[in-house]
Amino acid sequence: MELKAFLVAIAIAATIVAPTMAKEFVVGDNNGWKLGIDYQKWADGKEFYVGDTLVFNYKVGAHNVIKVNGTEFQKCSPPLTTPPLTSGHDVITLAAPGKKWYICGVGNHCETGPMKLVIDVQAGSSDAPAPSPSNPGSGTIGIAPSNFFSWAIAALAISMMIMA
Ligand SMILES: *[C@@H]1O[C@H](CO)[C@@H](O)[C@H](O)[C@H]1NC(C)=O
Ligand SMILES: [Cu+2]
């Protein structure tokens, strides 16, 4: 009985946490990746975690995506050694925390678009300072993604409530 209650609690906790674990962000949402969109405004208020993905949608040949560093981003000067992504549906997994910079390398789109996006990827761990909640109606209970211990404790707490 005790074990069953615990397993039920785990299932409940996992259901609560699962939707917050890995997110897919479509850059520019329905606008996709094109000229004339403010991508910093799009990124504003979004929280990116390791394991999340960015999707760049655009017409093949019209644009591309190049990951650059901060200097290259400022100058809109893509490195000659990094081949751009050109599929029209480029999916990038955010593999490490820190700042990530992306630009379009076609023509002068980076300057004039401006087709440039910088995001700050957070480690998905409670060791990092807790981000301020920016998503009031989300219905989660404030458990950081990928934080096994938090939800294990939550599961334990729920199982105790069930058994009480
Ligand atoms: C960015 O990469 C360029 C090479 O394309 C390099 O010269 C420059 O030092 C790098 N800047 C930073 C901040 O890493
Ligand atoms: Cu472009």
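A brief report on the enclosed structure follows. Along every chain, residues carry numbers that run from 1 in the direction the sequence is written. Throughout, the order in which chains and ligands are written sets their labels, letters from A for the former and numbers from 1 for the latter. Thresholds applied to this predicted model are a pLDDT of at least 70 for local features of residues and 80 or more for the giving and counting of side-chain atom pairs; totals over whole chains, interfaces and linings are not thresholded and use all residues. Excluding hydrogens and water, the side-chain values take into account all heavy atoms of the structure.

Here we come to the coordination of the copper ion (ligand 2). Each pair of donors in an ideal four-coordinate tetrahedral metal site encloses 109.5 degrees, whereas pairs in an ideal six-coordinate octahedral site enclose 90 or 180 degrees. Atoms of type N, O and S within 2.8 Å of a metal are treated as its donors, and for Na, K and Ca the window is 3.2 Å; water is not considered, so some sites may appear to be missing partners. Bound to the copper ion (ligand 2) on the protein side are H63 (ND1), C104 (SG), H109 (ND1) and M115 (SD), at distances that span 2.0 to 2.6 Å. Just to be clear on the cut-offs, tetrahedral is four donors with all angles between 85 and 135 degrees, square planar is four donors and octahedral six with opposite donors over 155 degrees apart and all others between 65 and 115, and anything else goes down as irregular. Note that the copper ion (ligand 2) binds four donor atoms; their angles at the metal cover 86 to 133°, and the shape is tetrahedral.

The next point concerns the sheet that holds strand β4 (residues 66-68). Between any two strands, at least two bridges found by DSSP are needed for them to pair. A run of H or I in DSSP becomes a helix once it reaches four residues, and a run of E becomes a strand once it reaches two; helices and strands are each numbered from the N terminus. With mixed pairing, the four strands of this open sheet are ordered in space as β2-β7-β6-β4. Lying at the two open borders of the sheet, with one neighbouring strand each, are β2 (48-49) and β4.

With that out of the way, let us pick up the state of the cysteines. Here, two cysteine sulfur atoms that lie within 2.5 Å of each other are counted as a disulfide. Taken as a whole, this structure holds one disulfide when the rule is applied. Bridging C76 to C110, the disulfide has an S-S length of 2.0 Å. Sign of the S-S torsion, about -75° for the bond between C76 and C110, identifies this disulfide as left-handed. Remark: C110 occurs in helix α4 (residues 109-112) and C76 occurs in the loop between α3 (70-75) and β5 (89-93); sequence separation between them is 34 residues. Both residues of the pair, C76 and C110, belong to the buried class. With a 1.4 Å probe rolled over the protein chains alone, any residue whose accessible area is under 20% of its type maximum counts as buried; one over 50% counts as exposed, and the rest are partly exposed.

In the vicinity of ligand 1, the residues found are N69, T71 and E72. Any pair of N or O atoms that falls within 3.5 Å is considered a polar contact. Within protein, one atom must be able to donate a hydrogen and the other to accept it, and sequence-neighbouring residues count only if both atoms are side-chain atoms. Between an oxygen atom of ligand 1 and a side-chain N or O atom of N69, the distance comes to 2.3 Å. Take T71: an N or O atom from its side chain is 3.1 Å from a nitrogen atom of ligand 1. Protein contacts shield 33% of the accessible area of ligand 1, which totals 370 Å² for the unbound molecule. Proximity is defined per residue: if any heavy atom of the residue lies within 4 Å of a molecule or strand, that residue is considered near it. Accessible surface is estimated by sampling points in the Shrake-Rupley manner with a 1.4 Å probe; for residues, cover comes only from the protein chains shown.

Just geometry here; none of it tells us what the structure is for.
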